[in-house]
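# Understanding the architecture of this molecule
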Amino acid sequence: LVELHVFYVPAEVWNFKLNTIPVALTSKFVSAGFIRVSPHITLRVLREKLGEYLGGVTVADKFKFLKCIGKKLAVVKAKQETELELKSFAPPYALYPELYLLPGVEYFEDVYPLSTQPRHHFNAETKRFVHGSRLPNQNGSDGSLFTPSHSNPADWESGKCDMILQSSEQNHLSQDQKDCNTPKWNDRAKGTAFTLHINHTLTNMENNEHQTETKLRRDRTQDAEILKIMERQTTEYVHKKQRVFRHLLHIILISLENKMAEQLQQMKKDRRRMEKTREELIKKAKGLLEQNKLKRYHVREEWKKKYFETKKATVSLEDTLNKLRQDLEVYHQKLLLQLEARDSQNRPNNTANSKNYTIIRITTVQHELDHLQRKLDDTKMKLITEIKLRKQAASDLRALRAELTQKKIHSALILQYRKSGI
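Per chain, residues are indexed from 1 in the order of the written sequence. Under the rules for a predicted model, residues below a pLDDT of 70 receive no local features and side-chain atom pairs below 80 are neither given nor counted, while totals for whole chains, interfaces and linings still include all residues. Values reported for side chains reflect all heavy atoms of the structure, with hydrogen atoms and water molecules removed beforehand.

Identification of the chain as Spermatogenesis-associated protein 1 from Manacus vitellinus is taken from an unreviewed UniProt entry.

### Overview of the overall build of the chain
Note on conventions: DSSP H or I runs of at least 4 residues are helices, E runs of at least 2 residues are strands, and numbering of each starts at the N terminus. Helices and strands together make up the secondary structure of the chain, namely seven helices and eight strands. The contacts in the chain between residues at least 6 apart in sequence include a share of 66% that link residues at least 24 apart. The Shrake-Rupley method, run with a 1.4 Å probe sphere, supplies the accessible areas, and residue values consider only the shown protein chains as cover. Total accessible area computed for the chain in this model is approximately 32,700 Å², and 58% of it derives from carbon and sulfur atoms. Here, two residues are considered to be in contact whenever any of their heavy atoms come within 4.5 Å of each other.

### Brief notes about the pairing of strand S1 (residues 2-8)
Note on classification: 1.4 Å probe, protein chains only; a residue is buried when its accessible area is under 20% of the maximum for its type, exposed when over 50%, partly exposed between these limits. S1 sits mainly inside the fold: five of its seven residues count as buried. Being paired, for any two strands, means DSSP has found at least two bridges between them. The pairing of S1 with strand S3 (residues 30-37) spans seven bridges and is classified as antiparallel. Opposite Tyr8, over in S3, you have Val30 as the bridge partner. As judged from the four bridges shared by S1 and strand S6 (residues 98-103), these two strands associate in the parallel manner. Paired with His5 across the bridge in S6 is Glu98.

### Notes on helix H1 (residues 43-53)
Listed in full, the buried residues belonging to H1 are Leu43, Leu46, Leu50 and Gly51. Projection of H1 onto a plane perpendicular to its axis shows the buried side chains occupying an angular sector of 125°, all on one side. Exposed residues on H1 whose side chains face more than 90 degrees from its buried face are Glu48 and Glu52. Buried positions along H1 lie against S3, strand S4 (63-69), helix H2 (78-81) and S6. Of the residues flanking the end of H1, it is Gly55, one or two places downstream, whose phi is positive at about 90°. The directions considered for the arc run from the helix axis to the C-beta atoms.

### Observations regarding a nonpolar patch on the surface
Only residues whose relative accessible area exceeds 30% and that form no salt bridge are eligible for patches; like-charged ones are grouped when within 9 Å, while nonpolar side chains (Val, Leu, Ile, Met, Phe, Trp, Tyr) are grouped when within 5 Å. Just to be clear on terms, a salt bridge is a Lys or Arg side-chain nitrogen sitting within 4 Å of an Asp or Glu carboxyl oxygen. Taken together, the side chains of Val244, Phe245, Leu248, Leu249, Ile251, Ile252, Leu253 and Leu256 define a hydrophobic patch exposed on the protein surface, amounting to about 720 Å² of accessible area. Take Leu248: it is sitting in helix H6 (residues 187-346).

### A few points about the UniProt feature "coiled-coil region" (unreviewed entry) in the chain
UniProt positions are given in the numbering used here, feature names are shortened, and annotations may be inferred rather than shown by experiment. Within this numbering scheme, the UniProt entry marks residues 253-291 as carrying the feature "coiled-coil region" (unreviewed entry). Taken end to end, residues 253-291 has its terminal C-alpha atoms 56 Å apart, with 100% of it in helix and 0% in strand.

### Topic: the pattern of salt bridges
Pairing between side chains becomes possible if they bear opposite charge and their charged atoms approach one another. Applying the stated rule across the entire model yields 12 salt bridges. Of the charged contacts, one joins Asp270 and Arg273 as a salt bridge, the two residues approaching to 3.7 Å between their closest N and O atoms. Placement of the pair is Asp270 and Arg273 together in helix H6, with a separation of three residues, close to one helical turn. You can call Arg273 exposed: its relative accessible area is 51%. Between Asp396 and Arg300 there is a salt bridge whose closest N-O contact spans 3.9 Å.

### Points about the packing of aromatic side chains
Aromatic pairing here means that ring centres of Phe, Tyr or Trp (its six-membered ring) are within 6.5 Å. Orientation follows from the plane angle: under 30 degrees is stacked, over 60 is edge-to-face, and everything else is tilted. Following the criterion strictly, the structure yields five aromatic pairs and no others. Here the aromatic rings of Phe29 and Tyr100 are separated by 5.6 Å at their centres, their planes lie at 75°, and the arrangement is edge-to-face. Taken together, the residues Phe29 in the loop between strand S2 (21-22) and S3 and Tyr100 in strand S6 connect sequence positions 71 residues apart. For Phe29, a relative accessible area of 8% puts it in the buried group. Relative to Tyr307, the ring of Trp303 has its centre 5.4 Å away and its plane inclined at 10°; by these criteria the two rings are stacked.

As C-alpha cells, then:
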C-alpha cells in the first residue's frame with residue numbers, strides 16, 4: 001500500500017484564467033487527511049471510494065484531480081483518470097506523496113469557450129438587431145431594413161457592437177423627437193433622411209474601425225520590435241554571462257595551477273629534506289655499525305690473546321703434571337711391592353686377615369679414587385671449555401646475522417635511492 005496526503009485547493013487561490021497554479025502556493029492548500037490505498041488503482045476508482053478511504057468523510061460531488069507537472073499543477077482530464085494510477089503521485093514518480101483536489105468544478109476542458117459565451121451571445125443579439133430588425137415610422141408602416149453594407153463580422157465580434165447599438169438607439173430617439181416637434185413630412189422624405197443619417201453613422205464607424213485596426217497593427221509592430229529588442233538583449237546578456245563565466249573559470253584554473261605548482265615545489269623541498277635526513281641517519285647507522293664491529297673485534301682479539309697465553313702456560317703445566325703423576329704411580333707401585341713382600345714373609349698363611357694386607361687395600365683404593373678424581377676434573381674442564389666455545393660461537397653467529405641484516409637494509413636503501421634518482 002501507498003500513503004498519500006490529500007489536499008483541497010481553495011477557489012481563491014486557483015487561477016481560472018490560466019487554468020493552473022504554481023507549486024509554490026501549495027502552502028495555502030487545505031489538508032483533508034491521508035489515504036492508504038493500492039498503488040495500482042486508477043483515479044476513476046479512487047473518485048468513487050475517496051470518502052471511504054478518508055475515513056467516512058463526506059466528499060464534494062464535483063471536483064477535479066490535479067497533477068504536478070514541472071513547476072505548476074495541471075488538471076487531470078476525464079479520460080486520463082481511467083489511465084493514471086496512484087503510484088504516479090508517489091515517489092519515485094513524484095517528488096512528494098501528495099494528491100491535490102479542486103472542489104466545486106466538474107469539467108475544465110472548455111474554460112475559455114465558457115468565458116467568451118456572453119460576448120458571443122451579445123454579438124448574436126447585435127447582429128440580429130442590426131441585420132434583421134425593422135424600425136417603425138410615424139405612420140405605423142414598416143421602415144426599411146437596417147443592413148450595413150460595408151461592415152465586417154469580425155469587427156462586430158471584436159467589441160464594436162456596443163457602439164453600433166448605442167448609436168442606433170440614439171438615432172432612433174432623436175428621430176422620434178424630430179417627428180414630434182417638426183411638421184409632418186411625407187414618408188419618402190423621412191426615409192431618405194433617416195437612410196442618409198444611418199449611412200453617415202456607418203461611415204464614421206468604419207473610419208473609427210480603420211483607425212483602430214491601424215493602431216492595433218502599429219501596436220503589434222511595436223510589440224514585435226520590443227520582443228526582438230528583448231530577445232537581442234537577452235542573447236547579449238547570456239553571451240556576456242558566458243564570457244564572464246569563461247573568464248572566471250580561466251582565473252580559477254590559473255589559480256589552481258599556481259597552487260598546484262606551489263604544492264609541488266613544497267613537496268620537492270620536503271623530499272630533499274627527508275632524503276638529506278635519511279642520508280644522515282644512514283651515515284650514523286654506518287658509524288654505529290663500524291663501532292660495534294670494531295668493539296667486537298677488540299674483544300675477540302683480547303680473548304684470543306688470553307687464550308693463547310693460557311694455552312702456552314697450560315702446556316708446560318700439563319707436562320709437569322704428567323711427570324708428577326708418573327712419579328707418583330712409580331712410587332705407589334714400589335710401595336705396594338714392599339708391603340706385599342713384608343706381609344708374605346711375616347704371615348704366609350693368614351694373608352686375608354693381616355694388617356699389612358689392609359694397608360695395601362687402602363692404598364690401592366685411594367690410588368684408584370685419586371685416578372677417578374683426576375679423570376672427573378679433566379672431564380669438567382673439557383665440558384666448561386666446550387660450553388664457553390659454544391657460547392662464543394652463538395654470540396659470533398648472532399653478530400654475523402645482525403651484520404648480514406644491516407648489509408641487506410643498506411643494499412635495499414641504495415637500490416631505492418638509485419631508482420628514485422632515475
